[in-house]
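Coordinates in review
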Amino acid sequence: MVTIIGSSAALRKRKTLKKSLNFTIMVIGQSGSGRSTFINSLCDQLIVEPSSTVSYYTPEEQNLHDRELQLRKSTVELEDGEGIRISLNLIDTPGFGDCIDNSKSFDIIKDYLKHQFDEILIEESKLRRNPRFKDGRVHCCLYFINPTGHGLNEMDVEIMKSLGELVNIIPIISKSDSLTLNELKLNKNLIKQDLDYYNIPIFNFNNEYFNLDESLDDETIELNKYLQKTIPFSIMGSNLTINDLETGELKRVRKYKWGIVDIFDNEISDFLTLKNTLLITHLNDFKDYTHEVLYENYRTKTLGDDEFDETYEEGDVTNSNVNVNDSNLVGTPKQNGNGNGNNFIAKEEQIRLEEERLRAFEERVQKDLLLKREEIEARERELAEIEKRLANENLED
Ligand SMILES: Nc1nc2c(ncn2[C@@H]2O[C@H](COP(=O)(O)OP(=O)(O)OP(=O)(O)O)[C@@H](O)[C@H]2O)c(=O)[nH]1
Ligand SMILES: [Mg+2]
């Protein structure tokens, strides 16, 4: 009997572990801010070539004004000591902040984030779901602030403000080794003040949403307070690992003329805290908040749920997820009069409107797709013409 329970538990565990957790991080920062080095340090392997060893741009694109933001995605499979596997998607943003007018870069990122939400909207509306559908939503965006000692600049404020409602933003001071301990402390305070002053919607570890979780223990509450205080995380990255002769362990270090520094040393860098937060302690919180709050708000906005809510008087239940049979329901539809029967009609009407909007939305997407496909086909035809002409010219020569 015991064996059966044991083996079924083991089987269940193996089944859960077989499926890896899908987690997506976007790293935004100006050229040379250390994004690639950070990605390599986080995954403890070479994922992206750092710019000190490779150039992303063609000779023509070396001119700053010709550079356009690119979104480069890499995926790496990570496994922790307990066999939990994470399929970690990392989106790097080379070319960000290189132009005088960066509004185009902002739009590219915003469109990408929205597109991932749209994909879910469409998938959710399908009668038959695609079992191979891949959720591409970005769960966390690390925004790299240059260690200037001046707090935030205009671009930092603008981009974080414009992305805050689409993604969980965590501000980071990169290359923190270029500041002394005092400068770092001052810089952290200046950034905190700016974040408050400009009311920038960054991720809040103390958010009430997390307090709804009844299993939240004192230890987690303390950890959340500590993490909130640590914002902005100050980190240094490195592409160099060495063997520690004393412990025999592999260490990721920065090497200076005067010696070496372990980038995971908690005394001088928040890297280890950030890594644990991202990949262990808060991975699910980032995912849940993305789905239940950010995506849900986007969905409501896109489908225009407000219309239905407006039929209720002020101070009434404004959430469309209201249970119409709930005796505590205080909402009274203005047009439909009192009573559950009428609430039910209103609910049905809302569903009908939602379905209509979704259909219109899907049509729009399909039309866009068709246009894009036509564009590609036209380009392909042009290319075939050019190839044919070149081949003929070669024959004539
Ligand atoms: N001092 C210091 N240098 C760093 C740190 N992280 C990266 N670097 C160096 O800064 C340079 C740029 O680093 P990358 O990781 O390539 O920066 P990036 O943001 O990916 O750069 P692009 O892809 O060119 O936009 C490299 O020479 C790195 O070795 C750091 O924490 N401290
Ligand atoms: Mg890079």
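Residues numbered from 1 in each chain as written. Chains lettered and ligands numbered in written order. Predicted model: local features only at pLDDT ≥ 70, side-chain atom pairs only at ≥ 80, totals over all residues. Heavy atoms only, no water.

The name an unreviewed UniProt entry assigns to the protein chain is Septin-type G domain-containing protein, from the organism [Candida] arabinofermentans NRRL YB-2248. One UniProt comment on the protein chain, placed under Sequence similarities (unreviewed entry), says "Belongs to the TRAFAC class TrmE-Era-EngA-EngB-Septin-like GTPase superfamily. Septin GTPase family." Taken directly from UniProt, the Subcellular location (unreviewed entry) text for the protein chain runs: "Bud neck". (UniProt positions renumbered as here; feature names shortened; annotations may be inferred.)

Summing up its helical and strand segments, the protein chain has 11 helices and nine strands in all. Counting over 397 residues, the protein chain shows a buried share of 38%. Restricting to contacts in the protein chain with at least 6 residues of sequence separation, those with at least 24 account for 69%. When the accessible surface of the protein chain is totalled, it reaches about 24,500 Å², and 50% of it is carbon and sulfur. (Helix = DSSP H or I, 4+ residues; strand = E, 2+ residues; numbered from the N terminus. Buried < 20%, exposed > 50% of the residue type's maximum accessible area, 1.4 Å probe, protein only. Contact = heavy atoms within 4.5 Å. Areas by Shrake-Rupley, 256 points an atom, 1.4 Å probe, with all protein chains shown as cover.)

What follows is about the confidence of the model for the protein chain. Confidence along the protein chain averages 80 in pLDDT terms, with 78% of residues attaining 70 or more. Scored below 50 in pLDDT, residues 11-15 makes zero contacts in the model with residues more than four places away or belonging to other chains. For the stretch residues 306-339, pLDDT sits under 50, and the model shows 48 contacts to residues farther than four places along the chain or on other chains. (pLDDT = per-residue confidence, 0-100.)

On to the nonpolar core. Ranked by size, the top nonpolar core spans 74 residues in total, and within it Phe38, Leu88, Leu142 and Ile170 carry the most contacts. Here the element with the most residues in this core is helix 9 (residues 283-303); it accounts for eight residues. When residues no more than four places from it in sequence are discounted, the contact partners of Leu88 are Phe23, Ile25, Leu42, Cys43, Ser74, Thr75, Val76, Leu78 and Leu279. (Core = buried A, V, L, I, M, F, W, Y, C linked by side-chain atoms within 4.5 Å.)

Another point: the pairing of strand 9 (residues 259-262). When strand 8 (residues 250-256) meets strand 9, the two strands line up antiparallel, connected through four bridges. Note on strand 9: the bridge partner recorded for Lys255 is Ile260. (Pairing = 2+ DSSP bridges.)

Another aspect to go through is the packing of helix 8 (residues 271-281) against helix 9. Two quantities define a packed helix pair, namely the angle between the helix axes and the distance between the axes. Closest axis-to-axis distance for the helix 8/helix 9 pair is 5 Å, and the angle between their directions is 65°. With respect to helix 9, the axis of helix 8 lies roughly perpendicular. Note on element contacts: helix 9 touches helix 8 through Leu283, Asp285 and Phe286, opposite Thr277, Leu278, Leu279, Ile280 and Thr281. The residue inventory of the contact of helix 8 with helix 9, partitioned by class, reads five nonpolar, two polar and one charged. (Axes fitted to C-alpha atoms, helices over the stretch in contact; angles between N-to-C directions. Parallel < 35°, antiparallel > 145°, perpendicular 65-115°, else oblique. Nonpolar A, V, L, I, M, F, W, Y, C, P; charged D, E, K, R; others polar.)

Turning our eyes to something else, we now look at the packing of aromatic side chains. What the rule picks out here adds up to 19 aromatic pairs. Ring centres of Phe96 and Phe106 lie 6.1 Å apart, and the angle between their planes is 15°; on these two criteria the pair is classed as stacked. With Phe96 in the loop between strand 3 (85-92) and helix 3 (103-125) and Phe106 in helix 3, the pair connects residues that are 10 residues apart, well separated along the chain. Each member of the pair Phe96 and Phe106 is classed as buried. Measuring from ring centre to ring centre gives 4.6 Å for Tyr256 and Trp258, while their planes differ by 5°; the resulting arrangement is stacked. Using a relative accessible area of 65% as the deciding quantity, one classes Trp258 as exposed. Cluster of aromatic residues (ring-pair linked, three or more members): Phe23, Phe203, Phe205, Tyr209, Phe210, Phe233, Phe286 and Tyr289. (Phe/Tyr/Trp six-rings, centres within 6.5 Å; stacked < 30°, edge-to-face > 60°.)

Here the bond from Ile231 into Pro232 is cis, since omega is -5°, no more than 30 degrees from zero. The phi angle at Lys175 is positive, at roughly 45°, despite the residue not being glycine. Within the fold, Lys175 resides in the loop between strand 5 (169-173) and helix 5 (181-197). By relative accessible area, Lys175 is classed as partly exposed at 42%. You will see that Asn199, though not glycine, has its phi angle at about 55°, which is positive. For Asn199, the location among the structural elements is in the loop between helix 5 and helix 6 (208-211). Overall, the relative accessible area of 62% leaves Asn199 in the exposed class.

Interhelical geometry of helix 3 versus helix 4 (residues 154-163) gives an angle of 20° and a closest axis separation of 10 Å. Relative to helix 4, helix 3 is oriented roughly parallel. Both helix 3 and helix 4 take part in a crossing whose hand is right-handed. Contacts between helix 3 and helix 4 involve Phe106, Ile109, Lys110 and Leu113 on the former and, on the latter, Met155, Glu158, Ile159, Ser162 and Leu163. When the residues that make up the contact of helix 3 with helix 4 are grouped by side-chain class, the tally is six nonpolar, one polar and two charged. (Left-handed = near helix turned anticlockwise from the far one by under 90°.)

Between its first and last C-alpha, helix 9 extends 28 Å over 21 residues, near the 30 Å set by a 1.5 Å rise per residue. Of the positions making up helix 9, those classed as buried are Leu283, Phe286, Tyr289, Thr290, Val293, Leu294, Tyr295, Tyr298, Arg299 and Leu303. Positive backbone phi, approximately 65°, marks Gly304, located one or two places after helix 9. (Expected span 1.5 Å × (residues − 1).)

Let's shift gears to the sheet that holds strand 8. The sheet built from three strands is open, its strands ordered 7-8-9 with antiparallel pairing. Of all strands in the sheet, those with a lone pairing partner are strand 7 (240-243) and strand 9, marking the two edges. For this sheet, the mean angle separating the axes of adjacent strands, direction not counted, is 55°. As defined by bridge partners, strand 7 adjoins strand 8 across four bridges and the pair is classed as antiparallel. Pairing of Ile242 across the sheet is with Lys251, part of strand 8.

What follows covers the sheet that holds strand 5. Reading across the sheet, the six strands line up as 2-3-1-4-5-6 and stay open at both edges, with mixed pairing between neighbours. Single-partner strands in this sheet number two, and they are strand 2 (72-79) and strand 6 (233-234). Together, strand 1 (21-28), strand 4 (140-145) and strand 5 form the strand contacts of helix 4, whose direction differs from that of strand 4 by roughly 170°. This element, helix 5, spans strand 4, strand 5 and strand 6 of the sheet and lies at about 150° to strand 5.

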